[in-house]
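# Commentary on secondary and tertiary structure
Single-letter residue listing:
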Amino acid sequence: RPLDVSGYNTSSGDVRYAAVWEKNTAGVAWRIHRDVSRPAMQALVDTYESTGWVPLSVEGYRLNGSLRFISIWVKNGCSWRMHNKLTREHYQQRFDSYKSEFRLVHLDSYRDGSQLYFAGIWSKQAGPAQVVRSNRDWYLFQRHFNNYGCAGYVLDYAYVTETPANGVRYGGIWTFDAAPNVGPTSPLRDQVRK
């Protein structure tokens, strides 16, 4: 079954798709929808919201000059929220308003013309602490990756997008795993990294 999927544009204007798959040993029911318009995406959200289907990933891209989405859905039944065309300010407002009740489990950024938008999926589930960073230069993202890794966080999800004004930008979701052991008996590489 697909765990993550991406629709992206090539320099020639074509659309390509990439997916990460795992063996579906648990028999999880899943669906994938590609080349979906924004109104059709909202119809999927409205339809699936009451039927136990949960979005696992959603990404935006351009197809023949029009905004399209690709998404994965699994049969789960947990409570969720998904927004697929948020400006930076609207994304931050949603993030702030949901953080006491929902966890961000998927984040993407894409261009529609000259405007940058965000798509996010929040799930109502308990879990360890998490850190979310978006719209970062590569070197700042790398610094976050290194620092959070040293603090015991694992990168669960990352995205890369080309912005109209700032070039390529990165974002990710880190989840706390465990405090690293960097005492005198830990391997030298872990001590140096810390």
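### Brief notes about the overall build of the protein chain
- Counting its secondary structure elements, the protein chain contains 4 helices and 11 strands.
- Against the compact-globule benchmark of 16 Å for 194 residues, the protein chain has a radius of gyration of 18 Å, which places it among compact chains.
- Evaluated residue by residue, the protein chain yields a buried proportion of 38% over its 194 residues.
- Of all intrachain contacts in the protein chain linking residues separated by at least 6 positions in sequence, the fraction that spans at least 24 positions is 59%.

### Quick look at the side chain of serine 6
- Within the secondary structure, serine 6 is located in strand S1 (residues 2-9).
- The contacts of serine 6, once residues within four sequence positions are left out, are Arg16, Tyr17, Ala18, Glu59 and Ile70.

### As for the confidence of the model for the protein chain
- Taken as a whole, the protein chain shows an average pLDDT of 90; of its residues, 96% reach a score of 70 or greater.
- Averaged over each element, pLDDT in the protein chain is lowest for helix H4 (residues 188-193) (68) and highest for strand S3 (residues 30-36) (96).

### Thoughts on the sheet that holds strand S7 (residues 103-112)
- Strand order in the open sheet made by the 3 strands is S6-S8-S7, with antiparallel pairing throughout. Each end of this open sheet is capped by a strand with a single partner; those strands are strand S6 (80-86) and S7. When strand polarity is set aside, the average angle formed by the axes of neighbouring strands in this sheet is 10°.
- The strands touched by helix H2 (residues 88-98) are S6, S7 and strand S8 (115-123); relative to S6, the strand with the most contacts, the crossing angle is about 165°.

Criteria and thresholds
Residues numbered from 1 in each chain as written. Predicted model: local features only at pLDDT ≥ 70, side-chain atom pairs only at ≥ 80, totals over all residues. Heavy atoms only, no water. Helix = DSSP H or I, 4+ residues; strand = E, 2+ residues; numbered from the N terminus. Rg over C-alpha atoms; globule rule 2.2 N^0.38 Å. Buried < 20%, exposed > 50% of the residue type's maximum accessible area, 1.4 Å probe, protein only. Contact = heavy atoms within 4.5 Å. pLDDT = per-residue confidence, 0-100. Pairing = 2+ DSSP bridges. Axes fitted to C-alpha atoms, helices over the stretch in contact; angles between N-to-C directions.

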